[in-house]
Amino acid sequence: MLSDLQRLDSILADTEKLIQLAQEGEWDAVVKLEKARDTDIQHLFETPPDIEAVVLAESIQLVLDKNKILTQFLLSQRDSLRMEMSQAGHAHKAINAYLTTG
């Protein structure tokens, strides 16, 4: 069974992996790992973790900071998808117009 500190280390490693997966555009893997990490965080705090307060505080701050970076990747991806959908919509309209005039 993992100690609380080992669980925290695993959560931190998963947080880094989430950033890497987002950089690589592996969105399905991001969603899957993020759900697993959330479960691990919930388990860690089911009872007060046996971790020095300063270590725990620094680690939580690191996770929060990395989540902000992850959020920026997600927002950028969302904007890219919106642009692609808009362009596809315009292309679809142009094709329909061409087909109805031909």
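What you are looking at is a predicted structure, and each value in this text was computed from that prediction instead of being measured.

1. Focus: the side chain of arginine 37
Part 1 of the reasoning: Tracing the sequence through the fold places arginine 37 in helix H2 (residues 27–44).
Part 2 of the reasoning: Dropping the residues within four chain positions of it, arginine 37 is found in contact with Ile11, Asp14, Thr15, Leu18, Val63 and Asn67.

2. A short note on the pattern of salt bridges
Part 1 of the reasoning: Per the stated rule, a full pass over the model turns up two salt bridges.
Part 2 of the reasoning: One salt bridge in this structure joins glutamate 16 and lysine 66, with 3.3 Å as the shortest N-O distance. With glutamate 16 in helix H1 (residues 4–23) and lysine 66 in helix H3 (residues 53–101), this residue pair connects regions lying 50 residues apart in the sequence.
Part 3 of the reasoning: Note that arginine 37 is salt-bridged to glutamate 34, the shortest N-O span being 3.9 Å. Of the two residues, arginine 37 and glutamate 34 both sit in helix H2, three residues apart, roughly one turn of that helix.

3. Brief notes about the packing of H1 against H2
Part 1 of the reasoning: Where H1 meets H2, the closest approach of the two axes is 10 Å, and the angle between their N-to-C directions is 160 degrees. With respect to H2, the element H1 is oriented roughly antiparallel. For the element pair H1 and H2, the recorded crossing hand is left-handed. Taking contact as the criterion, the partners of Asp4, Arg7, Leu8, Ile11, Asp14, Thr15, Lys17, Leu18, Leu21 and Ala22 in H1 are, on H2, Trp27, Ala29, Val30, Leu33, Glu34, Arg37, Asp40, Ile41, His43 and Leu44.
Part 2 of the reasoning: Counted by class, the contact of H1 with H2 contains 11 nonpolar, two polar and seven charged residues.

4. Points about H1
Part 1 of the reasoning: Look at H1: 29 Å from first C-alpha to last across 20 residues, which is about the 28 Å you get at 1.5 Å a residue.
Part 2 of the reasoning: Once H1 ends, the next one or two residues include glycine 25, with phi positive near 75 degrees.

5. Observations regarding the side chain of threonine 15
Part 1 of the reasoning: Within the secondary structure layout, threonine 15 lies in helix H1.
Part 2 of the reasoning: The exposure class assigned to threonine 15 is buried, which follows from its relative accessible area of 4%.
Part 3 of the reasoning: If we ignore the near neighbours within four places in the chain, the residues touching threonine 15 are Arg37, Val63 and Lys66.

6. What about the confidence of the model for the protein?
Predicted coordinates in regions of low pLDDT should not be interpreted in detail.
Part 1 of the reasoning: Averaged over every residue, the pLDDT of the protein is 88; the share at 70 or more is 91%.
Part 2 of the reasoning: Mean pLDDT values over the elements of the protein span from 82, in H3, up to 96, in H1.

Cut-offs and rules
Residue positions are given per chain, counted from 1 along the sequence in the order it is written. Since the coordinates come from a predicted model, pLDDT governs what is reported: local features require at least 70, and pairs of side-chain atoms require 80 or more to be given and counted, while whole-chain, interface and lining totals use all residues. Side-chain calculation: all heavy atoms of the structure are included, whereas hydrogens and water are not. Numbering of helices and strands runs from the N terminus, with a helix taken as a DSSP run of H or I at least four residues long and a strand as a DSSP run of E at least two residues long. Residue contacts follow a heavy-atom distance rule, with two residues in contact if any of their heavy atoms lie within 4.5 Å. For this document, the term salt bridge refers to a Lys or Arg side-chain nitrogen within 4 Å of an Asp or Glu carboxyl oxygen. Lines fitted to C-alpha atoms define the axes, with helix axes restricted to the stretch in contact, and inter-axis angles between N-to-C directions lie between 0 and 180 degrees. Roughly parallel means an angle under 35 degrees; roughly antiparallel means over 145; roughly perpendicular covers 65 to 115; every other angle is labelled oblique. Crossings are classed by handedness, with left-handed meaning an anticlockwise turn of the near helix from the far one by less than a right angle and right-handed meaning a clockwise turn. Any residue outside Ala, Val, Leu, Ile, Met, Phe, Trp, Tyr, Cys, Pro, Asp, Glu, Lys and Arg is labelled polar, Gly included; the first ten of those are nonpolar and the last four are charged. To estimate how far a helix should extend, the number of its residues minus one is multiplied by 1.5 Å. Three labels apply to residues, based on accessible area from a 1.4 Å probe with only protein chains included: buried if under 20% of the type maximum, exposed if over 50%, partly exposed otherwise in between. The predictor rates its confidence in each residue with pLDDT, a number between 0 and 100.

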